[in-house]
Protein chains: 2
Amino acid sequence: MNSNSGEVDDDLPMRWNGWGDPHRAAPLSRAVRALLPLLLGRLRRPEPAVDIEDVTLAASALTDEDLAALVGAVGTAGIDTTDEGRIRHARGRSTPDLLRARQRAQEAPDAVVHPATHDEVRAVLDVASERRIAVIPFGGGTSVVGALHPERGAHRAVISLDTRRLSGLLRFDEVAGEALLGAGTTGPVAENLLAARGHELGHYPQSFRYATIGGFAAARSSGQNSAGNGRFDGMVTGIRVATPTGDLDLGRAPGSAAGPDLARLFLGSEGTLGVITEVRVRTHPVPRGRIFEAWTFPDFVTGADALRRVAQHGPGPTVIRLSDEAETAVSLAQVGRIGRLLARGAGAVTVFEGGDAAGRRERTAEILRAAGGQSAGEEDAAEWLRGRFDGPYLRDALLDAGVFCETLETATTWSNLSASKKAIETALKTGFEDADARSYVMCHVSHVYPTGASLYFTVLAGIQGDQLAVWERVKASVNDAIVGSGGTISHHHGVGRDHAPWLIDEVGDTGLRILRAVKRELDPRGILNPGALLGHSPEV
Amino acid sequence: MNSNSGEVDDDLPMRWNGWGDPHRAAPLSRAVRALLPLLLGRLRRPEPAVDIEDVTLAASALTDEDLAALVGAVGTAGIDTTDEGRIRHARGRSTPDLLRARQRAQEAPDAVVHPATHDEVRAVLDVASERRIAVIPFGGGTSVVGALHPERGAHRAVISLDTRRLSGLLRFDEVAGEALLGAGTTGPVAENLLAARGHELGHYPQSFRYATIGGFAAARSSGQNSAGNGRFDGMVTGIRVATPTGDLDLGRAPGSAAGPDLARLFLGSEGTLGVITEVRVRTHPVPRGRIFEAWTFPDFVTGADALRRVAQHGPGPTVIRLSDEAETAVSLAQVGRIGRLLARGAGAVTVFEGGDAAGRRERTAEILRAAGGQSAGEEDAAEWLRGRFDGPYLRDALLDAGVFCETLETATTWSNLSASKKAIETALKTGFEDADARSYVMCHVSHVYPTGASLYFTVLAGIQGDQLAVWERVKASVNDAIVGSGGTISHHHGVGRDHAPWLIDEVGDTGLRILRAVKRELDPRGILNPGALLGHSPEV
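This write-up is about the structure you can find in this document. (Residues numbered from 1 in each chain as written. Chains lettered and ligands numbered in written order. Predicted model: local features only at pLDDT ≥ 70, side-chain atom pairs only at ≥ 80, totals over all residues. Heavy atoms only, no water.)

### Section: the relation of the copies chain B and chain A
Aligned on chain A, chain B shows an RMSD of 0.0 Å; the corresponding rotation is 180° and the shift along the axis is 0.0 Å. Interpreted geometrically, this transformation is the action of a two-fold axis. When the interface residues of chain B are mapped onto chain A, 100% of them again lie at the interface, so the same face is used by both copies. (Least-squares fit on C-alpha atoms with pLDDT ≥ 70 in both. Contact = heavy atoms within 4.5 Å.)

Structure (structure tokens):
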């Protein structure tokens, strides 16, 4: 097993109403329990979550003829109409998704289909187009932007198209370092298959253990090693796509100038234009060894300027992250080490893998030191790596304790970073204050580019009333603040349904017209993920 | 002036029927004159080229009403209806273009418009849409794929839209290292403007001295420093586009995942979807110093494998190029140094600029040596840099001497590189043999990626009959060989009209349908560059 991929049982389904491995769910640590009342005041225990057996669903809207046609496409074994199967495909893992999963009456797709080949995907799309059934492509089920909501749009019914049987390493070109992977291959399975050939992809978003290669592509994922390995976009050298009106096999050669790069239309299309069935990616030899170094800065602004210098200087770390003062304080508290480092300040983590790691570390350290950083040794950086996939487990425990917890993110230029951060924090704090809720907002930079960086916020709030309703209002005002302050509506979570109303701020009316024109051409009946990305338009 | 940008008078128009500065045109050197008969046999002097005053054009098809409407869009000073202006906008600089420029009767646009602002571009498109006039966007006029042919399609007339008044540095963000440039800014003007701020773009295609920033974007250009600075695609952080039905301002933030990256639809659109009016690019501080090292390999295959190792290893040279045996022999002959290096073998050039240049040189040298290379010192690499923009001048002299000379290019994976090279060489040689012409084919790799590389061919031929007719046949069979052997129809020249019939091999029927759907949406009357990229389709 690849050392990066962490321990995970490939076949274990995710906890149906929370994150990850049900056996790893754990209550809050004593340190966090002590901290919460200080930050958020008195908390109200929520109603206990519903058991999966007690969830009530509407009866499936599929007719016997629909089911027979779908059986024709994927075989009997490829269709799941059980309540459990439907419930497990009813949502992603945003906090609103998890709050809705606590309720008794739930929405769910009318069935789940599990095509095993590209041709079976095409056959499902043919059936669905003909019979006017909406199709929600479903990979790891880790969307946090409502991309998996079982919306039928103008159609009679809605099915979830689970890609996870499209799994495996279909081809590996050792000379070119290219791997062709089935879209439903999960992160760990992909890395294990590649590791057996001495290679890795090196893409580690927090959803890594469950999310799929096709999902990474469809949602333009970015992983924790993006400073060294780039965004997932940049790893993709080709894709195969099934659409209701034809197939695509894009990415003929590296460095082509043969017209626009059409693969880019599907990276970020979030299942609205077609179903990605295969993804060709560049890989690299598994790096040997790893160098860690943690840093501390007097404040976030100083730290961010230091990260900018590193990003603009050329080959630096594989991982670089900077927490603001609020996140730094809580991280230290969580691991029981308040006061071990500077009591105030902003902590950063660097990790170096691959060629010339020692030289890159040395040059990076020089830049960080000159920009006001102070080395804090290896341990905190190594500890970050060990715990890096655990954040969502903590959220489950917080929700159980009545603490609202959610994340959101953007990116902007270096010159606009502090202004955008402030605007977003103000929107969050004001929004919660208006709902009489105390909140605690933390932020980090985890993806850097020569021209700018991401901002990733974690918010905790002690909401006394309806958490879903309060968050809906706060989130809307935060999204306004994001686009109003020059940020993008998403750096790596995507658009889904939750951000769809803000896409126009990103691409304008003419940009939306382009996307709708492509959708009309490929999916003239609008069966694919209605309402996601493009929102609800009269046209599509 | 930026040390990279070379000497060029910014305002000097290019030689109307050849390359570059008319004063730098020079006859063939004695060495080349001695070599040619050995390679190609007896050559036939061509008919003398026509003088520009003797060219005959059809009368402009524009009516007084058309002209009045265009004056309304760009003012009187913005319209050129002179024969010279029309002739200078009649073509690019492919060898067929130059051969056609030698003929007396020529095709040309009915007028040239020179909008000075984005809004004037929009106004031109409005007039042209309303009055059914085709519009050919024109930057530096350096297309070598027929993208500038004055084709009116189904329209009454055709105008050239010259972008060169849209020139200048419109905004510079020093912190982010981002520059907003007018699309008509030429390579040298852009570099000089940036150099005054201590920055550079570092994009040096052979067309650099004349081509424009908008042209680089529209044609997905790749420069000689691509190993270090990347393709032009990758430098673009935003674009502004005028289309007949709306404007676009794309590229809100670095690292966005807000739906598909729509800017990518315009990079490579070659003036068929809209007119790019502004381009935002990432820049970097002008590198200090430069390290040169030339290499020689026993043969091309060994050299190519060495380049692959460098490309897959991580940060290497800023420039890396490898000539095959045929090109190496001629290069040495040209500079009168046959025998100075190994008499046989494949020569390579590396240049290092920017951060850790010495370290990168050392690590690159280690890899090249281990892969069978032998260092050949600095001089040949420095000489390549001095002469790197001069190739097209040599072509003019060859054409004057009756030698047919043209270049073509592709890219493919490392694993397919040798097979594709052989297939293309065979198609070239067979094609010329079938026309009873002796030929000499040279090839180099000048752009490397982790998964593959470009192949750039220069072909010389002693064609006795109609050079245009012979080349048309040879070129078609070469294009078949390129796509048949797994290459892309273009690595950096683009598609234009010359490669349009092969675009379907690249993106398939569904891919063409997508491009046509976008064109219908943005340019419903099909006025923009009819016949380019998408070819002649009944639909658009």
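### What to know about the pairing of strand 8 (residues 178–182) of chain A
All names here are of chain A. The element strand 8 is extensively covered by neighbouring structure, given that five of its five residues are classed as buried. Of the two faces of strand 8, the one carrying Glu178, Leu180 and Gly182 and the one carrying Ala179 and Leu181 are both buried. Of the pairings in the sheet, the one linking strand 7 (residues 169–173) to strand 8 comprises four bridges and is antiparallel in character. Paired with Arg171 across the bridge in strand 8 is Leu180. Between strand 7 and the antiparallel strand that follows it, strand 8, lie four residues; Gly177 among them carries a positive phi value of about 70°. (Buried < 20%, exposed > 50% of the residue type's maximum accessible area, 1.4 Å probe, protein only. Helix = DSSP H or I, 4+ residues; strand = E, 2+ residues; numbered from the N terminus. Pairing = 2+ DSSP bridges.)

### Some thoughts on the interface of chain B and chain A
The partner chain A presents 75 residues to the 75 residues of chain B that form the contact. Ranking the residues of chain B by area buried against chain A places Arg252, Pro254 and Pro260 of chain B at the top, with a combined share of 12%. Where chain B touches chain A, the interface holds six salt bridges. In this structure, the salt-bridge partner of Arg520 of chain A is Glu521 of chain B, at a minimum N-O distance of 3.0 Å. Linking chain B with chain A are 36 residue pairs in polar contact (both at pLDDT 80 or more). Secondary structure elements with two or more residues in the side of chain B that touches chain A: strand 11 (246–250), helix 10 (263–266), helix 11 (300–313), strand 18 (404–413), strand 20 (452–462), helix 17 (467–484) and helix 18 (503–522) of chain B. (Buried area = accessible area lost by both parts, 1.4 Å probe. Salt bridge = Lys/Arg side-chain N within 4 Å of Asp/Glu carboxyl O. Polar contact = N/O pair within 3.5 Å; in protein donor to acceptor, adjacent residues only side chain to side chain.)

### A closer look at the sheet that holds strand 4 (residues 111–113) of chain B
All names here are of chain B. Pairing is mixed across the open sheet formed by four strands, whose spatial order is 2-4-6-5. Looking at which strands have only one partner, the edges of the open sheet turn out to be strand 2 (79–80) and strand 5 (133–138). Where strand 4 and strand 6 (residues 157–162) come together, three bridges link them in parallel fashion. Across the sheet, residue Val113 finds its bridge partner in strand 6, namely Leu161.

The analysis is restricted to geometry; functional conclusions fall outside its scope.
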